Structure formats: C-alpha cells, structure tokens
Amino acid sequence: MLRQIVATVAAALAAGLGTGAPAEGLSYPARPAQGISRSVAAADDGGGLLMLTFSNDVMRLLSAISTDGATLVPNRGQLPYADPRGRGVRDPSVVRAGDRFMVAYTSPPLRSYLAATTSWALASSVDLDHWHFETDVPMTAIPGVTHVWAPDLFTDDDGAVYSYVAVSTDGARSFQTYVMKALDAGLRRWSAPVLLSGLGANTIDATVRRVGDRYVMFVKDETTKTISRAWATTPMGPFTLDRTGNWMGIAGTPVEGPALVHMPGGGFRLYYDAYTANQLRFVDSSDLDSWSTPHVLAYPWPNARHLGVLALSSQDLTALSSAPPAWPDLTADNVADVLGRDGAGRLWLYPGDGRGGWLARRQVGSGWQGFTAVFGAGDVSGDGRADVLARDGAGRLWLYPGDGRGGWLARRQVGSGWQGFTAVFGAGDVSGDGRADVLARDGAGRLWLYPGDGRGGWLARRQVGSGWQGFTRVVGGGDLTGDGVPDVLARQANGTLWLYPGDGQGGWQSRRQVGAGWQAFDTFVVVSDLTADGAPDVVARDRAGRLWLYQGDGQGGWLSRRQVGSGWQVFTAIT
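This section reports on the structure supplied with the text. If you're wondering where the values come from, they're calculated on a predicted model, not measured in any experiment.

**Here we look at the overall build of the protein chain**
Scanning the protein chain for helices and strands turns up two helices and 40 strands. Just so you have it, the protein chain exposes about 20700 Å², and 49% of that area is on carbon and sulfur atoms.

If you want it as structure tokens, here you go:
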C-alpha cells in the first residue's frame, strides 16, 4: 500500500516547507522543466496520474490511475467513498497534505444536488483505497450564501494550500469564485473567503496552477458554458481574463470542470467534462495558447463526472498495482464477476460487463459437486488476486487461489472441522487489518470471525455474534453503507432483510431493516459493483430461476432492481 510512500513524501515536504524548493525525495524534478512549478508537473520518473471522479447516479468518489493520461484503470483495492452524513460526493479535487491525500468535494443532499448547501467538505486517505471524512468548511461568512460548489485545491511551491470555491447567493442562478487559504497543515482551518476580482459575473469550476512566476486559472463561464483563462501574480488574485468564449475549440457541446496538468513528456493537458455528451475529454498544448483537437478519455464508469488530478511517482504506481482487490474480481478487469455451480459439479464464470450484465460465460471447473459450500472471499492468499473457498462434506476447507484470468492455481487445505457451521461466507476485511476475513455461524447461532492472516490461513477466531440461528440466509463482503467498512446482510424466515453495518473492528453497529419480502428468493449474494457506479450490488435468484440485480445506492439501500438472468435454477450454488 501507499502508507510508507506517503509518509516518505510527507517527511520530504516538511523538510522543504516554506523554502520554495522541492525537498529531497520528492517525485518532482529539482528544477522544473520549462518554468513549470512542481504544483503543475507530473512525475517525470515513469510515474503517472491519480484521477478522482464521482458517479453521477449514486454520488460516490471513485479513484483510478493512468500511466498514459488517456486511459483510467480503477484502483483495485478501493472502497468507493460515500459521505458519512448521507450526502453526495461531487466535483472532487485532490492534493497531498502531510502523510495523507486530501480530497475536497461538493456535498449536496444525496438525491438533490441542486438543494442549498453552505459549506464544502474534506476527506483524507493514506492509501487511496479508504477515505475518511475530515470536516466541513463553512462559507457562511458570505452574506446570503445559498449554494457552495466545486472546491478546487491548489498547492503552491512554498507548500501553502488554497481552495477556489464557486458560491451562489441567488439560488444557483449565478456563481462567483472565492479563494481561501489553509491555516494549518491538516487543512482543517481556513482563512475567510475572499471574492476574486477580474473574472466576470458568472464563473464556476476554477482550477489554478503555477507557471513560472505567475498563476494561470482555467474557469467555466456559467453563462456561455465555455472555459476561460485568466492570469495573476499571486494565488489570491486579482486575476485578469485574457481568453474567453470558444478560444480553445472545444465548445461544440457545453463544458465544465477543467483540470490542468503538465505531462511527463512535456507540454500541458487540460481535462474537462463534456457533460451533455456524458464524456470526459482532454486537449493538449505546448504553450497554453494553441490546443489540440479534443480526445475522449477512456474510463470504466458509465456515469463518471468531473476529474481531480494529481501526479504520482513510479513508487506510488507500484504500490497501487500491488493492492489486493476489494472484492472478488476473478478476471482482474476491475469489474465484479459471479460464479455458478450446476448440478453436475461444473463451475461457471460469469464475467461482469460493468453495466449490470454479463460477458460470455465460461467453464472454470468440474467436480465441484462434492462441496457443501462455495464462496468468494477476496484476496485470502495475499497475492493480489481474488480467491475462492470451498468446504467439502468432511468439513475440510479448501483454498482455490485465483490466477487473475478466471482460473486457479494449485488448491490447498486451509481448515478442518468446518462441517459444524450452518453458514460460512467471505466477509471482506471486517477486522480492519487490511486482510480478507471469513465469518461462520454454528448450529447454536453463534457467529465466529476468522481473521485472515494474509497468507491463506487464519489468526485466532473470536465470537462476534449470538442468536443468528433465526436467519435463513446470511451473506457479507460489501461496503453497502459507504463508510469504508464491509457489512453483512441477514434474512429472517418471514423475508425481512437486515443490514448489520460493520464497525471496522470485527463487530457491528446498530442493525436496520433494508428489505421485506425476500423469502421469494432461494439465494442471494453481495457482489462488488456490477453496475460500475462505485456502490456494491446484490444479485438474488427467485424460485423460478430468474436472477435479479438490486443496485446499491451507497447508503445501505437500493436504487432499483432489474432482471439480469433466467434459467439460473440449474445452479446449486451462486457466489
């Protein structure tokens, strides 16, 4: 993971803070090429870019990396962040601060992004997989504020951090851009907002970078839906507009959300959101004046909006690529998969297509009829690939390490005496130690946690529940509530479905009901994210063999359900 790397970078930053010179160990060049400051330059050591976006339907933060700046690859271990106060996450911007990555975002009500908001929010991460809410930054010092959107973070060469925020005082009919300066290293205290002069009457989505001894801003003109350019001699302004309208040649469709980076090979790249076309695009320039024709960014999420971009070193990329998958992705294509075992013992892989459906299925095993339980368990072996566990009739537990291509490495026994459990299932990292765990219910209704040791074995088990014998189905593994911790679903005989939110230490927060009538299903499982919106989903089979997808809303409930299969009654196990 990135914890040690970020700590090294943090120490280097601290050593050079306030000097205006990059500290030893940073991934930026000691003398930035072509007058570009380290606040713009991408890593020149074979690194790449961190790109944060959000899913427009469930408003969760999504994280990806790119080594070429043109194609996004999702972080394999990420648990897409949802605001813990039940709000949406929109318009992310990211910087490093100390030993953490910090993301600023718009935080409107989850179901109504146009509703009034008077603050913007900050979350932090040490590994880019798990994000934690930090604070709200109020803008109530501005008289009559009704909406606060699109905070964009910028780190200057001296380490100072600024936020450029769009504020409306007329119910989101028009916006003006304000600037604030962080007053502490943790970015929890900020100066009073100052209105930036020189930008015109209706601007939003400002992004600022340093170029030589000046500061360039790209900002959306909310009236014309184009991107303007302005310059200043200090981050606090005033700024002077020198390019407006369709001067870049990109406004064949309305555009917003500009994000500027200096590419490793030289030159600039501006990313932006062509939102009416549902595309993220980019253009290139050698001088910030002339721009290429637009290119469409390749990314896996169909409803992604806006980008926050940050340079990563080659060390960062190595750490990210070694992160274990958050939940079973047997084909290593960053889309959840499903396994089905038929009555003849054949095991079938249904690769997810990222839209709630399937690619062509294929057989990945035979002779599996002897197992009384088959379930996905995440990366139990610690090799960065998703694995499967299977219990035979004698109670022996077998680990089938995934090979990352939908097949298996040599199996090995990882337990015995498991025949006494009436339910056993992969749970994700419920213990909070970064390793995949397993939960098992015995005949007396006691729930046992088997913490994984990261090598295919187990640490000492411990009891984490009692009275669970009343449930006819118990499954786990997904972070349904969006707090970064896996949860468990349990169904009673009368069809009531209960959510047990994990507490991150192997226990549970207060349960709550999330469904009724689920007795119609003979089986159901939590899957990572079949719809590529950042929220885990559930697939359930009814007694007619129809397979239903319940699309998670990222808050412990459901957006909608739809049928995604038929004839699934032939399977004696689905995972």
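**Observations regarding the sheet that holds strand S26 (residues 397-400)**
Taking strand neighbours across the sheet as the criterion, the four strands line up as S24-S25-S26-S27 in an open arrangement whose pairing is antiparallel. Edge positions in the open sheet fall to strand S24 (371-378) and strand S27 (412-415), since each of these has one partner strand only. On average, each strand axis in the sheet is inclined to that of its neighbour by 30°, with strand direction left out of account. Summarising the sheet, strand S25 (residues 387-392) and S26 pair through four bridges and their orientation is antiparallel. Considered in S26, the bridge of Arg 391 is made with Leu 397.

**Digging into the sheet that holds strand S18 (residues 279-285)**
Remark on secondary structure: sheet strands pair via backbone hydrogen bonds, oriented parallel or antiparallel. Pairing within the open sheet is antiparallel, and its four strands lie in the order S16-S17-S18-S19. Since the sheet does not close on itself, it has two edges, and those belong to strand S16 (256-262) and strand S19 (295-296), each with one partner. Bridge count between S16 and strand S17 (residues 268-274): five bridges; the pairing is antiparallel. Bridging across to S17, Glu 256 finds its partner in Asp 273.

**Some remarks on the pairing of strand S10 (residues 176-181)**
Pairing of strand S9 (residues 161-168) with S10, which is carried by six bridges, proceeds in the antiparallel orientation. From the neighbouring strand, Ser 163 faces S10, where its bridge partner is Met 180. Examined bridge by bridge, S10 and strand S11 (residues 194-195) share two bridges and lie antiparallel to one another. Looking at S11, one finds that Tyr 178 is bridged to Leu 195.

**Some remarks on the environment of Ser 93**
Within the secondary structure, Ser 93 is located in strand S4 (residues 90-97). Judged by relative accessible area, Ser 93 falls into the buried class, the value being 3%. Setting aside anything within four residues of it in sequence, one finds Ser 93 in contact with Met 102, Val 103, Ala 104, Pro 151, Asp 152, Leu 153 and Gly 308.

**Looking at the pairing of strand S38 (residues 547-552)**
A regular strand carries its side chains on alternate faces of the sheet. With six of six residues buried, S38 is to be regarded as a mostly interior element. Between strand S37 (residues 537-542) and S38, which follow one another and run antiparallel, lie four residues, and Gly 545 among them has a positive phi close to 90°. The sheet contact formed by S38 and strand S39 (residues 558-565) spans six bridges and is antiparallel. When the bridges of S39 are listed, Trp 548 appears paired with Gln 563. Hairpin connection from S38 to S39: five residues lie between these consecutive antiparallel strands, with Gly 554 at a positive phi of about 80°.

**A few points about the nonpolar core**
Proteins that are soluble and globular tend to have nonpolar side chains buried together. Ranked by size, the top nonpolar core spans 20 residues in total, and within it Trp 120, Leu 122, Met 139, Leu 187 and Trp 190 carry the most contacts. Those elements giving two or more residues to this core turn out to be S4, strand S5 (100-106), strand S6 (119-125), strand S8 (147-155), S9 and S10. No other element matches S9, which puts three residues into this core. Ignoring sequence-local partners within four residues, the contact set of Met 139 consists of Thr 118, Ser 119, Trp 120, Val 145, Val 148, Val 165, Val 167, Tyr 178, Met 180 and Pro 193. Within the second largest apolar cluster, 18 residues are counted, among which are Met 51, Leu 72, Tyr 299 and Leu 307.

**As for the side chain of Asp 273**
Its place among the elements puts Asp 273 in strand S17. What Asp 273 contacts, discounting residues up to four positions off in sequence, is Pro 254, Val 255, Glu 256, Gly 257, Gln 279, Leu 280, Arg 305 and His 306.

**So, the pattern of salt bridges**
Summed over the entire model, instances satisfying the criterion amount to 27 salt bridges. When the shortest N-O distance is used, the salt bridge between Glu 256 and Lys 220 registers 2.8 Å. Linking Glu 256 in strand S16 with Lys 220 in strand S13 (residues 214-221), this pair joins segments that are 36 residues apart in sequence. Across the pair, Lys 220 and Glu 256 agree in class, each one buried. Salt-bridge contacts for Arg 305 lead to Glu 256; the nearest nitrogen and oxygen are separated by 2.5 Å. One end of the pair, Arg 305, is in strand S20 (residues 304-312); the other, Glu 256, is in strand S16, and 49 residues separate them in sequence. Residue Arg 305 shares its accessibility class with Glu 256, and that shared class is buried. Several salt bridges share partner residues, and in doing so they unite Lys 220, Glu 222, Lys 225, Glu 256, Asp 273 and Arg 305 into one network.

**Some thoughts on the packing of aromatic side chains**
Inspection of the entire model under this criterion finds 36 aromatic pairs. Relative to Phe 571, the ring of Tyr 350 has its centre 6.0 Å away and its plane inclined at 90°; by these criteria the two rings are edge-to-face. With Tyr 350 in strand S22 (residues 347-351) and Phe 571 in strand S40 (residues 571-574), this residue pair connects regions lying 221 residues apart in the sequence. Phe 571 carries the same exposure label as Tyr 350, and that label is buried. Seen in terms of ring centroids, Phe 521 and Tyr 550 are 5.9 Å apart; in terms of plane orientation they differ by 90°. Their pairing is edge-to-face. Residue Phe 521 is found in strand S36 (residues 521-527), and its partner Tyr 550 is found in strand S38; the two are separated by 29 residues along the sequence.

**Regarding unusual backbone geometry**
Pro 238 follows Gly 237 through a cis peptide bond whose omega is 5°. With respect to the element layout, Pro 238 can be found in the loop between strand S14 (226-232) and strand S15 (240-243). At Asn 278, a residue that is not glycine, the phi angle is positive and equals roughly 55°. Structurally, Asn 278 is set in the loop between S17 and S18. A positive phi angle, near 55°, is found at His 306, a position not held by glycine. On the secondary structure map, His 306 appears in strand S20.

Conventions used here
Residues numbered from 1 in each chain as written. Predicted model: local features only at pLDDT ≥ 70, side-chain atom pairs only at ≥ 80, totals over all residues. Heavy atoms only, no water. Helix = DSSP H or I, 4+ residues; strand = E, 2+ residues; numbered from the N terminus. Areas by Shrake-Rupley, 256 points an atom, 1.4 Å probe, with all protein chains shown as cover. Pairing = 2+ DSSP bridges. Axes fitted to C-alpha atoms, helices over the stretch in contact; angles between N-to-C directions. Buried < 20%, exposed > 50% of the residue type's maximum accessible area, 1.4 Å probe, protein only. Contact = heavy atoms within 4.5 Å. Core = buried A, V, L, I, M, F, W, Y, C linked by side-chain atoms within 4.5 Å. Salt bridge = Lys/Arg side-chain N within 4 Å of Asp/Glu carboxyl O. Phe/Tyr/Trp six-rings, centres within 6.5 Å; stacked < 30°, edge-to-face > 60°.

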